[in-house]
Amino acid sequence: MFRFNEQMQKGGRSNPGGFLIEQRRLEKQPAELRVRAFTEITLKPTADSGTVQASRCTDCGVPFCQNACPLQNNIPDWLALSADGDLREAWRVASATSTMPEICGRICPQDRLCEGACTLQQSGWDGVTIGSVEAWIADAAFDNGWVEPIRPLAERGQSVAVVGSGPAGLAAADRLRSEGYAVVVYDRHDRAGGLLTYGIPGFKLEKRIVQRRIDRLVEGGVEFVLNTNVGVDVTMDELRSRHDAVLLAMGVYQARTLAVPGRGPNDTVAALDFLIAQNRVDCGDAADASAPHAAGRDVVVVGGGDTAMDCVRTAIRQGAASVVCLYRRDRENMPGSAREVQNAEEEGVRFEWLGAPKALMSKGEAVVAVRAQRMALTEASAGGRRDIAPVPGSDFDLPADLVIEALGFEPEAFAEQLDAGLGLTRWNTLQVARGGFATTLPGVFAAGDAVRGASLVVWAVRDGQDAAAEIDRYLRARTEEAAA
């Protein structure tokens, strides 16, 4: 406690009185301008603003920010280095624990993780803007050529198949290739990146940011086999015969659907289908005339997570006549990022809190409205979340000729598709050994959302890195056994 008080008086290591400096988040383009494009909405920090914001860190004795980060990033260290203007060393420290600082700095919900746990934030001051500093450091590293290519000290002579090129697969490929393994990444899509490429809109994460990370892997010797659906185009048995180990990192893509009267098979659009169509255009593909589009339409997005925020903000940019987000709980209990809600409101999205869909209303074969009902929050049970209960006689209608379901994702039929005797949990995620990543098949590992269910990108990165370390130990042990 003494050290914290002393640092508060000194203002941290690098800037006396630094914690008294006003918190300034990255400036955003005016809403009326940013809704015209799918580019990132924030303006890049200057060297002066970046170092000043980094200097607000108090170097407290117990780094709660680091403890709240799934990657356990050495946040106080690279903040101090950034405050001193040593961005190259700050990058070295940041990249030691994370294979994607430039991505996590942009899309992590820092308000629920590192920044929310910041001692300043907990003490009544505005917390350090950790995420924007992290992205700034990483961008400087790429711009100045400080990002070192992957050059293993020695080739191991063993290969690993990685199934899925989302954050878990890319993180694992980076770590495994760095250790000298031949790495082949298989993905069902025509581009690598998984949800980083096709699920997250460009106004949060521009495609060039993802592509330069993929380019680094390719230049380092990682092979990508695209348009290949494992279990259909290539079997698990074939992968296991070709490679010394296999990592399953497919994510979860099965969308949850509304279960309300009036919903027909073509009356709603899955959130991911809606986002993929726009992201393909952002990647340079020609627009698909049959793909869902919001131009001129009354859009209702059902759901309250970050995917719902991606959908409402995409619909605004596509020129929707109106966009409403319908969520059954209140603002304080919304699972999505509070910053994303604020961005959506600034851009013209209307939120209907404490409203749940009750039925879809149609005229002929076309949906024209969502009938909803007001909900009330109940008292929370001990240690539990407040439940919801319908309010009698509170029905209301929302005009809608495009209804987007953003209710979350569930695992696909992994066991049926892969047909390999993989063990599953009761949630249909892949079963792995307690505290590890080994599946029920020898030499086959799993990581990311395919194991933990739909979660955050930062957790997928952590799982991918840790799974790579376990695979490395497994293969080294096999090599030693063969040599004995």
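It should be emphasised that the depicted structure is a prediction, and the values quoted were computed from it without experimental measurement.

### As for unusual backbone geometry
Working step 1: Notably, Gln72 is not glycine yet its phi reads approximately 55°, a positive angle.
Working step 2: Note on placement: Gln72 falls in the loop between helix H4 (64-68) and helix H5 (75-83).
Working step 3: We note that Leu354 has phi near 50°; this positive angle belongs to a residue other than glycine.
Working step 4: Among the structural elements, Leu354 can be located in the loop between strand E9 (350-352) and strand E10 (355-363).

### Focus on the sheet that holds strand E12 (residues 388-399)
Working step 1: Taking strand neighbours across the sheet as the criterion, the 3 strands line up as E10-E11-E12 in an open arrangement whose pairing is antiparallel. The open sheet has two edge strands, E10 and E12, and neither has a second partner. Ignoring strand direction, the axes of neighbouring strands in this sheet form an average angle of 25°.

### Re the packing of aromatic side chains
Working step 1: Throughout the structure, instances matching the rule amount to 4 aromatic pairs.
Working step 2: Centre to centre, the rings of Phe445 and Tyr474 are 5.3 Å apart; their planes meet at 70°, and the pair counts as edge-to-face. Placement of the pair is Phe445 in strand E15 (residues 444-446) and Tyr474 in helix H20 (residues 457-483), with a sequence separation of 29 residues.
Working step 3: Classification of Tyr474 as partly exposed rests on a relative accessible area of 25%.

### Here we look at the side chain of Gln465
Working step 1: With respect to the helices and strands, the residue Gln465 is situated in helix H20.
Working step 2: A distance of 2.8 Å separates a polar side-chain atom of Gln465 from the backbone nitrogen of Thr99.
Working step 3: Excluding its chain neighbours within four sequence positions, the residues that come into contact with Gln465 are Leu71, Thr97, Ser98, Thr99, Ala171 and Arg175.

What counts, and where the lines are drawn
Residues numbered from 1 in each chain as written. Predicted model: local features only at pLDDT ≥ 70, side-chain atom pairs only at ≥ 80, totals over all residues. Heavy atoms only, no water. Helix = DSSP H or I, 4+ residues; strand = E, 2+ residues; numbered from the N terminus. Pairing = 2+ DSSP bridges. Axes fitted to C-alpha atoms, helices over the stretch in contact; angles between N-to-C directions. Phe/Tyr/Trp six-rings, centres within 6.5 Å; stacked < 30°, edge-to-face > 60°. Buried < 20%, exposed > 50% of the residue type's maximum accessible area, 1.4 Å probe, protein only. Polar contact = N/O pair within 3.5 Å; in protein donor to acceptor, adjacent residues only side chain to side chain. Contact = heavy atoms within 4.5 Å.

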